[in-house]
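Residues per chain are reported as follows:
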Amino acid sequence: MSEVTTMSDAADLLPEAEPARAARSGTRWLREFSLIPAMGLLILIGFIESPDFLTGDNFLAMLQQSTELSVLVLAEALILIGGRMDLSLESTVTLAPVLALWLVLPTSGNRFNGLGFGAAWLAIPACLLVGAAVGAINGFLILKMNLNGFVVTLGMLTTLHGLVVVVDGGQSITTVPPSFSYLGHHDWLGLPASVWVCGLLFTLGIAALGWYRHGRALYAIGGNPGAARAAGIRVERTMWIVLIIGSVLAAFAGMLYTGRLGSASASQGTGKIFEVFAATVIGGVSMNGGRGSLFGALTGVLTLRLIGNVLTFGHVSAQDIEFFNGVVILVALVVSRYTSGTAQD
Amino acid sequence: MTTPDREAAGHPGRPGGAPGHPVATALDVSKSFGATRALIDVGISVAPGEAHALVGRNGAGKSTLVSLLTGLARPDRGRILFDGQAAPPLSDRAGWQSRAACVYQKSTIIPGLSVAENLFLNRQSEGLRPISWKALRTRAADLLAEYDIDVDPAASAATLAVDQRQVLEIARALSFGARFIILDEPTAQLDGANIAALFDRLRRLQESGVAFLFISHHLSEVYEVCQTVTVYRDARHILTAPVSGLDKDALIEAMTGEDRSARAEFAVDRYLAPASQPAPALQISSLSLPGTFQEVGVTVGVGEIVGLAGAGGSGAVAVGETVAGLRRPSGGTVEVAGRRVRTGSVPDALRAGLGFVPEDRHAQGVVPLRPIAENITLTATDRLGRHGFFTGESLRRAGSALMRRLDVKAEGPDQPVSALSGGNQQKVVMGRALAGSPRALVLIRPTAGVDVKSKESLLGTVRQAAADGCGALLVSDELDDLRIAHRVLVMFKGAVVAEFASGWGDAALIAAIEGLGGADRPDQERNDDE
Ligand SMILES: Nc1ncnc2c1ncn2[C@@H]1O[C@H](COP(=O)(O)OP(=O)(O)OP(=O)(O)O)[C@@H](O)[C@H]1O
Ligand SMILES: [Mg+2]
């Protein structure tokens, strides 16, 4: 399964493609599960490290901590499969809840004073709308004005982060209406509500990309936009919608995050985008578009979380964990390059 | 295209006055890309059931007309009509697809998707219904069986060879059931047997009333399948005439605007090994790739051009790719000018002084969005400046020189390659192979998609390179390409089966390529007589 290549690296790839002139591609399904052995190994290490690792409580906590990242990865995977990228998701995560809370919080009486506009529940649609607006602006700049997506969303990342600081004055907002924090805070049938919702979102995404024409269009757009256009797919419109969906998902992740922590602040999202990309790429989604699956991306998130958890149980101190986390993610990238057997690009 | 128009678009060029409206008409259309005027007030009119050829040199505007006729671009001026009625708005893709199906010059196969999905892209299911993958594979298998294509519908399209992709494109275009089909150089990547099968199919469709617009640089194909021919030159309409009333020289004259008697003649000459007996430019010894070719040995002397001919599955292309390092052989050696090359490594082959023109220019040939100058000098950047640094100016100068040498038609060296016409992109690929002043060249179908005149200059460049002391292995089944070779080796089923000294007869060579030692099959002859 060779990628489209330039000549210099084609040598590594053609031999894989060559025997398959008429061969089946029965191994395609295996690729989806290529991270499972690594996850098994991590669980084994954790099990040896500590008796507290392999417990329901630990796994529940891990799942809940994965929800925000997995919603972000869902968003980024959709965008990457379509052949674009969005770095600004990291800022949308904090901007959307902060703006929403600013809108509804009363004008006085709290440490943070908002505009006191409307009922508290309005914060939820407001949060999602902020996300939609960010996606729409990104889409306009990238697709209508034909600006470079990397630079545009990098610029948005900084701009939006700055906007959060302007609004909240650099302090965190600790007054969160109960309706807003409900999903990040409550359990349904013994599982955190956010885990259910997250599972539902992935199910919808996997179904759309697996069995629906409009979802499949994303692979065509990412694989060869010219061909997609010739086949009647509305390339720009579809990508615009996907960018908006991505940002709405990021806003939703921000809501879950705020609900779980009980506060919103400018520093919440910082550094998240590296984890998002790492999980997506480890999960087998191509940075060049057209390849990868949402299920694979989900296994990428779980693998990252397992790594973090194993490190914590291995008594890596809080000040060292960032360094180790980075190193291990880079190692995981290298390992997944070989387990999946294809080049990451 | 704004107001509905029911008037019959009578076009001066249409012969005989076919009954009813022409299936497709372009009326005085113009199109520019920035400063480049790709079409200036041109017209074309295709009658029902007619096979209409559109010919012209590289960059004449043929593919641009195709994008107007298939609704991918809007003409700056002029109108497109189908069956005498205004074309649908650009947003109505389904409307365009039902009126005009097309095999585009650029590949529209998506490598990450399966064969089945590629065939039914954006029509995997009706409306909002979920896709049944099993049903889709069955539909694809039926379509493939109908066209005798031996490909697994579940296979990933990335694993297909160039010719397989091309037949997929053709099958997909025909599967829309349109009454008007455009084929933009469908045969450039196909071998003789595939072309014969395609033409059979075209004739049968034509009998059932389907009309074709057929674009090709093989003029013999135009005479074989078309009734009418339209010639464009430098973005303008030159003539439209019945094929039967126009001989080949007149046609080429219309394309080039030059008198045919002035053209360069390629005298076939003998290879004389240099007296000093240097190591051969390219020495291939008992090279094997399991399942593709076995124990192939070829020696290309300094200054020699050796043709390697073979049909689709013969392994000739694979030999070329293996020598260039794109494939890793199971055994055997490759030496370039006496230096042993690490097999399976493109960089090492380049270092040893090998220039390479790959078969698939879309995937391996060019970096589409980068400027021509950068593409054309890609293999030689270390020669342009010290330690890998080079200035934009030296890059542009070197690029311009090569562009002139190869007759690349473009605005300038800074234009991105993706804005070039297909044939001009091929010239850029060729320029890249020559840029590093190679000791040996491996050329796979180097003139695919190149017009008759540029073909002569391109082949002339190869001969010049050979005269300057470079050896060339020319993998092709085009007789015109092979004519410049000092000798031609023929491969069949993975082995070299015959050798022809220069001066070979077309019939004998074709028979050997088809694996019929000696039998004469004039119907398969594709001789452009140039
Ligand atoms: N997207 C584009 N941007 C800028 N210029 C373009 C673009 N597409 C085509 N051109 C220019 O328009 C002219 C006509 O190109 P076109 O592709 O129609 O030629 P063609 O007749 O199909 O040639 P060939 O036989 O080589 O395929 C060329 O000069 C080309 O450089
Ligand atoms: Mg063309």
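Reading the values: the criteria
Note on numbering: residues in each chain are counted from 1, in written sequence order. Chain A is the first chain written and ligand 1 is the first ligand written, with later ones labelled in order. Only residues with pLDDT of 70 or above have their local features reported here, since the model is predicted, and side-chain atom pairs are shown and tallied only from 80 upward, although totals for entire chains, interfaces and linings are computed over all residues. Processing note: side-chain calculations cover all non-hydrogen atoms of the structure and skip hydrogens and water entirely. A helix here means a DSSP run of H or I that spans at least four residues, while a strand means a run of E at least two residues long, and both kinds are numbered starting from the N terminus. Each residue's exposure class comes from its accessible area (1.4 Å probe, protein chains only) as a fraction of the maximum for that residue type: buried when under 20%, exposed when over 50%, partly exposed otherwise. We call two residues contacting when some pair of their heavy atoms lies within 4.5 Å. Shrake-Rupley sampling with a 1.4 Å probe provides the accessible areas, and residues are treated as covered by the protein chains on show and by no other component. Domain borders in the structure are assigned automatically or taken from a domain database. In these notes, residues near a molecule or strand are those with any non-hydrogen atom within 4 Å of it. A 3.5 Å cut-off defines polar contacts: any pair of N or O atoms within that distance qualifies, except that in protein one atom must be a possible hydrogen donor and the other a possible acceptor, and neighbouring residues in sequence count only when both atoms are side-chain atoms. For this classification, the nonpolar set comprises Ala, Val, Leu, Ile, Met, Phe, Trp, Tyr, Cys and Pro, the charged set comprises Asp, Glu, Lys and Arg, and every other residue, Gly included, is treated as polar. Only N, O and S atoms count as donors, using a 2.8 Å cut-off from the metal and 3.2 Å for Na, K and Ca, and because water is excluded some sites may appear unfinished. Being paired, for any two strands, means DSSP has found at least two bridges between them. Whenever a helix is involved, its axis is fitted only over the stretch in contact; in every case the axis is a line through C-alpha atoms, and angles between N-to-C directions fall within 0 to 180 degrees. For a helix, the expected span equals 1.5 Å multiplied by the number of residues minus one. Pairing of aromatic rings covers Phe, Tyr and Trp, the last counted by its six-membered ring, and requires centre-to-centre distances within 6.5 Å; plane angles under 30 degrees mean stacked, over 60 mean edge-to-face, and any other angle means tilted. What makes a patch is a set of residues exposed beyond 30% relative accessible area and free of salt bridges, joined within 9 Å when like-charged and within 5 Å when nonpolar (Val, Leu, Ile, Met, Phe, Trp, Tyr). Any Lys or Arg side-chain nitrogen found within 4 Å of a carboxyl oxygen on Asp or Glu counts as a salt bridge. For classification purposes, an angle smaller than 35 degrees is called roughly parallel, one larger than 145 roughly antiparallel, one from 65 to 115 roughly perpendicular, and anything else oblique. By convention in this document, the label disulfide applies to cysteine sulfur atom pairs within 2.5 Å.

> Mind laying out the overall build of chain B, listing which residues take part and the relevant values?
Along chain B, the regular secondary structure elements total 18 helices and 20 strands. For chain B, the residues scored as buried account for 58% of the 530 residues in total. Partitioning the intrachain contacts of chain B with sequence separation of at least 6 by distance along the chain shows that 66% fall at a separation of at least 24.

> Give a description of the overall build of chain A that names residues and reports values.
Across its full length, chain A carries 15 helices and 2 strands. Counting every position in chain A, which comprises 345 residues, the buried fraction comes to 52%. Restricting to contacts in chain A with at least 6 residues of sequence separation, those with at least 24 account for 73%. Surface exposure of chain A reaches about 15000 Å², of which carbon and sulfur atoms provide 68%.

> Let's hear about the domain arrangement of chain B: which residues, and what values?
As assigned here, chain B comprises domain 1 (4-109 + 176-265), domain 2 (111-159), domain 3 (270-353 + 439-530) and domain 4 (364-437). Computed over C-alpha atoms only, the centres of domain 2 of chain B and domain 3 of chain B are separated by 36 Å.

> So what's going on with the site of ligand 1? Which residues, and what values?
All names here are of chain B. Around ligand 1, a shell composed of 22 residues is seen, among which G59, S63, T64, S421 and G423 lie nearest. Between an oxygen atom of ligand 1 and a side-chain N or O atom of N58, the distance comes to 2.8 Å. Between T64 and ligand 1, the recorded distance is 2.6 Å, taken from a side-chain N or O atom to an oxygen atom. In isolation ligand 1 exposes 640 Å². Once the protein is present, 86% of that is buried. Looking at the shell around ligand 1, the elements with two or more residues in it are β2 (36-46), α1 (62-69) and α15 (422-435). Of the residues contributing to the shell around ligand 1, the split by class is 5 nonpolar, 13 polar and 4 charged. Mapped onto the domain boundaries, the shell around ligand 1 takes at least three residues apiece from domain 1 (4-109 + 176-265) and domain 4 (364-437).

> Talk me through the coordination of the magnesium ion (ligand 2); I want residue IDs and the actual numbers.
Around the magnesium ion (ligand 2), the protein contributes the donor atoms B:S63 (OG) and B:Q105 (OE1), at 1.9 to 2.1 Å from the metal centre. Here B:S63 is found in helix α1, whereas its partner B:Q105 is found in the loop between β6 (101-103) and α3 (115-119), with 42 residues between them in sequence.

> Give a description of the sheet that holds strand β10 (residues 236-242) of chain B that names residues and reports values.
All names here are of chain B. Read from one edge of the open sheet, 6 strands run β6-β7-β8-β3-β9-β10, paired in mixed fashion. Each edge of the open sheet carries a strand with a single partner, namely β6 and β10. For this sheet, the mean inter-axis angle between neighbouring strands, taken without regard to orientation, is 15 degrees. Looking at chain direction, strand β3 (residues 51-55) and strand β8 (residues 211-215) are connected through 4 bridges and run parallel. Counted as the bridge partner of A51 is F212 from β8.

> Go over the sheet that holds strand β1 (residues 24-33) of chain B, please, and point to the residues and values.
Residue and element names in this part refer to chain B. Read from one edge of the open sheet, 4 strands run β2-β1-β4-β5, paired in antiparallel fashion. Either end of the sheet is taken by a strand with one partner, and the two such strands are β2 and β5 (85-86). Looking at chain direction, β1 and β2 are connected through 7 bridges and run antiparallel. Looking across to β2, one finds that T25 is bridged to S45.

> Residue-level account of helix α5 (residues 162-174) of chain B, with values.
For α5(B), spanning 13 residues, the distance from its first C-alpha to its last is 19 Å, which sits close to the expected 18 Å at 1.5 Å a residue. Judged by how many residues are buried, α5(B) sits mostly within the fold: 13 of 13 residues are covered.

> Tell me about the packing of aromatic side chains, and name the residues and values.
Tallied over the entire structure, the rule returns 5 aromatic pairs over all chains. Taken together, a centroid distance of 6.4 Å and an interplanar angle of 45 degrees make the contact between A:Y182 and A:W188 tilted. You can call A:W188 partly exposed: its relative accessible area is 34%. On the numbers, 6.0 Å between centres and 70 degrees between planes, the contact of B:F199 with B:F214 is edge-to-face. Residue B:F199 is found in helix α6 (residues 192-207), and its partner B:F214 is found in strand β8; the two are separated by 15 residues along the sequence.

> Describe the side chain of B:H52, with residues and values.
Residues and elements named next belong to chain B. Its place among the elements puts H52 in strand β3. A distance of 3.3 Å separates the side chain of H52 from the side chain of E50, its partner in a polar contact. Those residues in contact with H52 that lie beyond four places of it in its chain are I44, S45, V46, F212, L213, F214, C226, T228, V229, T230 and T240.

> Could you give an account of a nonpolar patch on the surface, naming the residues involved and the relevant values?
Taken together, the side chains of A:L41, A:L44, A:I45, A:F47, A:I48 and A:L54 present a nonpolar region at the surface, about 610 Å² in accessible area. Examined against the element boundaries, A:F47 turns out to sit in helix α3 (residues 36-49).

> Just give me the short version of the pattern of salt bridges, but keep the residues and values in it.
By the definition in use, this model includes 19 salt bridges over all chains. Here A:E68 makes a salt bridge to A:R260, at a shortest N to O gap of 2.8 Å. Highlighted residues: A:E68 in helix α4 (residues 56-81) and A:R260 in helix α12 (residues 235-261), separated in sequence by 192 residues. The partner of B:R57 in a salt bridge is B:D407, with the nearest N and O atoms 3.3 Å apart. Placement of the pair is B:R57 in the loop between β3 and α1 and B:D407 in the loop between α14 (392-406) and α15, with a sequence separation of 350 residues. Judged by relative accessible area, which is 32%, B:D407 ranks as partly exposed. Through salt bridges with shared partners, a single network forms among B:R57, B:D407 and B:D451.

> Pulling in residues and values, what's your account of the environment of B:D477?
All names here are of chain B. Its place among the elements puts D477 in the loop between β18 (471-475) and α17 (479-482). C-alpha of D477 to C-alpha of G423: the two residues are 54 residues apart in sequence and 18 Å apart in space. Excluding anything up to four places from it in sequence, D477 contacts L190, D191, G192, G310 and R445.

> Before we move on, could you go through unusual backbone geometry and cite the residues and values that matter?
Residue and element names in this part refer to chain B. In this structure, A235 is a non-glycine residue whose phi angle is positive, near 75 degrees. As for its placement among the helices and strands, A235 is situated in the loop between β9 (228-233) and β10. A positive phi angle is found at R445, which is not glycine, with a value near 40 degrees. Among the residues examined, R445 registers a relative accessible area of 9% and is labelled buried.

> How would you sum up the packing of helix α9 (residues 193-211) of chain A against helix α10 (residues 213-223) of chain A? Please name residues and give values.
All names here are of chain A. For the pair α9 and α10, the least separation of the axes is 5 Å and the interaxial angle reads 75 degrees. On the basis of the axis angle, α9 is roughly perpendicular to α10. Of the residues in α10, those in contact with A208, L209, G210 and W211 of α9 are R213, G215, R216, L218 and Y219. The residue inventory of the contact of α9 with α10, partitioned by class, reads 5 nonpolar, 2 polar and 2 charged.

> Outline the state of the cysteines, listing residues and values.
Residue and element names in this part refer to chain B. Taken as a whole, this structure holds 0 disulfides over all chains when the rule is applied. C226 takes part in no disulfide bond, and the closest cysteine sulfur, belonging to C102, lies 15 Å away. A relative accessible area of 6% places C226 in the buried class.

> Describe the packing of α9(A) against helix α14 (residues 294-313) of chain A, listing the residues and the values that go with them.
Residues and elements named next belong to chain A. With their axes 9 Å apart at the nearest point, α9 and α14 run at an angle of 145 degrees to one another. Of the residues in α14, those in contact with F202, G205, I206 and L209 of α9 are L294, F295 and L298. For the contact of α9 with α14, the class distribution of residues is 6 nonpolar, 1 polar and no charged.

> Tell me what's going on with the pairing of β2(B), and back it up with residues and numbers.
In terms of residue burial, β2(B) counts as a mostly covered element, since 8 of its 11 residues are buried. Turn length for the β1(B)-β2(B) hairpin, with the two strands adjacent in sequence and antiparallel, is 2 residues, and the turn residue B:G34 shows positive phi of about 55 degrees.

> Tell me about the pairing of strand β20 (residues 495-501) of chain B, residues and numbers included.
Residue and element names in this part refer to chain B. Where strand β19 (residues 487-492) meets β20, 6 bridges bridge the pair, whose relative direction is antiparallel. Across the sheet, residue V488 finds its bridge partner in β20, namely F500. Between the antiparallel neighbours β19 and β20 lie 2 residues, among them K493 with a positive phi of about 50 degrees.

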